[in-house]
Amino acid sequence: MLEKWLEFSHEVLEAKEKGKPIVALESTIISHGMPYPQNIHTAREVEAIIRENGAVPATIAILNGKIKIGLSNEELEYLGQSKDVEKASRRDIPYLLSCKKNGATTVAATMICAELAEIEVFVTGGIGGVHREAEVTMDISADLQELANTNVAVVCAGAKSILDIGLTLEYLETYGVPVVGFGTDTLPAFYSMTSPFNVNFRLDTTNEVADMIRTKWEMGLNGGVVVANPIPEEYALEESLINRVIEKALAEAKENQIGGKQVTPFLLGKVKELTEGKSLAANIALVKNNARVGALIAVSLAK
Ligand code: PSU
Ligand code: MN
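Residues numbered from 1 in each chain as written. Chains lettered and ligands numbered in written order. Predicted model: local features only at pLDDT ≥ 70, side-chain atom pairs only at ≥ 80, totals over all residues. Heavy atoms only, no water.

1. A look at the overall build of the protein
1) Next: Of the regular secondary structure elements, the protein holds 13 helices and 11 strands.
2) Next: Taken against the 2.2 N^0.38 rule, which gives 19 Å for 303 residues, the C-alpha radius of gyration of the protein at 18 Å falls within 12% of a compact globule.
3) Next: In the protein, which comprises 303 residues, the share counted as buried stands at 56%.
4) Next: Here the contacts in the protein between residues at least 6 apart in sequence split such that 74% fall between residues at least 24 apart. (Helix = DSSP H or I, 4+ residues; strand = E, 2+ residues; numbered from the N terminus. Rg over C-alpha atoms; globule rule 2.2 N^0.38 Å. Buried < 20%, exposed > 50% of the residue type's maximum accessible area, 1.4 Å probe, protein only. Contact = heavy atoms within 4.5 Å.)

2. Let's talk about the pattern of salt bridges
1) Next: Within the structure shown, the criterion is met by 18 salt bridges.
2) Next: Across the pair K254 and E133 runs a salt bridge whose closest N-O atoms are separated by 3.2 Å. On the criterion of sequence distance, the pair formed by K254 in helix α11 (residues 239–255) and E133 in the loop between β7 (121–123) and α7 (134–137) is long-range, its members being 121 residues apart.
3) Next: Among the residues examined, K254 registers a relative accessible area of 56% and is labelled exposed.
4) Next: Residues E252 and K248 are paired through a salt bridge, measuring 3.9 Å at the closest nitrogen-oxygen approach. Of this pair, E252 and K248 are both found in helix α11, 4 residues apart, which corresponds to roughly one turn of the helix.
5) Next: Taken together, the shared-partner salt bridges in this structure form one network comprising K248, E252, K270 and E273. (Salt bridge = Lys/Arg side-chain N within 4 Å of Asp/Glu carboxyl O.)

3. Notes on the packing of aromatic side chains
1) Next: Enumeration according to the criterion identifies 2 aromatic pairs in this entry.
2) Next: Ring geometry for F190 and Y191: centres 4.9 Å apart, planes at 85°, overall edge-to-face. Y191 matches F190 in its accessibility class, with the two residues each being buried. (Phe/Tyr/Trp six-rings, centres within 6.5 Å; stacked < 30°, edge-to-face > 60°.)

4. Things to note about unusual backbone geometry
1) Next: Here the amide bond leading from Y36 into P37 is cis, since omega sits at 5°, within 30 degrees of zero.
2) Next: Within the element layout of this structure, P37 appears in the loop between α2 (28–33) and α3 (38–52).
3) Next: If you check the backbone angles, E118 has positive phi at about 60° while not being a glycine.
4) Next: Relative to the helices and strands, E118 resides in the loop between α6 (107–116) and β7.
5) Next: In this structure E118 comes out as exposed when scored by relative accessible area, which is 68%.
6) Next: Not every positive phi belongs to a glycine, and F190 is a case in point at roughly 65°.
7) Next: Checked against the element boundaries, F190 lands in the loop between β9 (179–182) and β10 (201–203).
8) Next: The exposure class assigned to F190 is buried, which follows from its relative accessible area of 1%.

5. Let's talk about the site of ligand 1
1) Next: Near ligand 1 lie 14 residues; those nearest to it are E26, K87, S141, K160 and T264.
2) Next: For ligand 1, an oxygen atom lies 2.6 Å from a polar atom in the side chain of E26.
3) Next: Separating a nitrogen atom of ligand 1 from a backbone N or O atom of G126 is a distance of 3.4 Å.
4) Next: Protein contact buries 93% of the 470 Å² of open area that ligand 1 shows by itself.
5) Next: Of all the secondary-structure elements, those providing two or more residues to the shell around ligand 1 are α2 and α12 (263–274).
6) Next: When the residues that make up the shell around ligand 1 are grouped by side-chain class, the tally is 4 nonpolar, 6 polar and 4 charged. (Near = heavy atom within 4 Å. Polar contact = N/O pair within 3.5 Å; in protein donor to acceptor, adjacent residues only side chain to side chain. Areas by Shrake-Rupley, 256 points an atom, 1.4 Å probe, with all protein chains shown as cover. Nonpolar A, V, L, I, M, F, W, Y, C, P; charged D, E, K, R; others polar.)

6. Points about the packing of α3 against helix α4 (residues 73–81)
1) Next: Here α3 crosses α4 at 140°, and the two axes come no closer than 9 Å. The angle between α3 and α4 falls in the class oblique. Every pair of crossing elements has a handedness; the one defined by α3 and α4 is right-handed. Between α3, through N39, I40, A43, R44 and E47, and α4, the contact on the second element is made entirely by N73, L76, E77 and G80.
2) Next: A per-class count over the contact of α3 with α4 returns 3 nonpolar, 3 polar and 3 charged. (Axes fitted to C-alpha atoms, helices over the stretch in contact; angles between N-to-C directions. Parallel < 35°, antiparallel > 145°, perpendicular 65-115°, else oblique. Left-handed = near helix turned anticlockwise from the far one by under 90°.)

7. Re the pairing of strand β3 (residues 56–63)
1) Next: Within β3, 8 of the 8 residues are buried, leaving the element largely enclosed by the surrounding structure.
2) Next: On β3, burial covers both faces: V56, A58, I60 and I62 on one face and P57, T59, A61 and L63 on the other are all buried.
3) Next: Bridge count between strand β2 (residues 22–25) and β3: 4 bridges; the pairing is parallel. Bridge pairing in β3 links V23 to P57.
4) Next: Of the pairings in the sheet, the one linking β3 to strand β4 (residues 66–69) comprises 4 bridges and is antiparallel in character. When the bridges of β4 are listed, I62 appears paired with I67.
5) Next: Here β3 folds back onto β4, and the loop between the two strands holds 2 residues, one of which, N64, carries a positive phi near 50°.
6) Next: In terms of strand pairing, β3 meets strand β6 (residues 103–105) through 2 bridges, oriented antiparallel. Across the sheet, the residue bridging to I62 is G103, located in β6. (Pairing = 2+ DSSP bridges.)

Listed below in structure tokens is the structure:
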């Protein structure tokens, strides 16, 4: 049944047959998270880092009504350049498939596709979460419900402070999603190594992280795990700068009455504009750092 929708690249198919570790990658970050051509360069570099660390990358997207697990160069290029690729989260998948459209998968949608493809580890930059003032707007990313239900470990650099990080942690706690700090006691805030919030558990090696993930699923405790990996120090942005910029971006979003799935891409775009590209360099560095850690976790899990 599912074969009808899933299409594996040769590389990923071969990895599956040989039981090699595989790491899923999202495509919203390519189509809606970074500008061209940095998006394509980063996507390729991230794939290369995963290979160098002993795993096989599987970038996921919806193309022409198929869920692609592993993309060709041309497909990556298309996702990076085309202006008519939808941002695809859980609710968008059936429409995009049945109408044979193209979609760049968010964390939520990538988790769904990774689970269908039996891939246990997924590397990204930042997860969606509970937005500031969500008590009025009810803007809570579908990523959090996916983390509650879908058996994929997500390696990220924490949550951006465009979100309400405290409420995001409360939400994850309610749904039993462990937030693990990789070599850190505090939850990183994407552009910075720390935030005012603690992680639930600190683990210092990828073997320990893999053991915890395996234990969760062996216990039948369904749902994801957040592995929070801080941005490398030399790329971290000054917190006063980033806070100022985020306040400005949030005010502009409000002024322009941005809503629904436009909110996150709008805020990310503004932050980039207002930091004159510094945020982009940080974003690229942290994703690459996550790729290394995610690959090593996948290797440990495959042992
Ligand atoms: N956070 C980032 N960069 C991103 C995203 C989030 O720092 O590119 C993307 C991810 O694909 C994430 C999505 O799953 O935005 C969340 O969107 P929303 O808030 O609409 O659920
Ligand atoms: Mn939202």
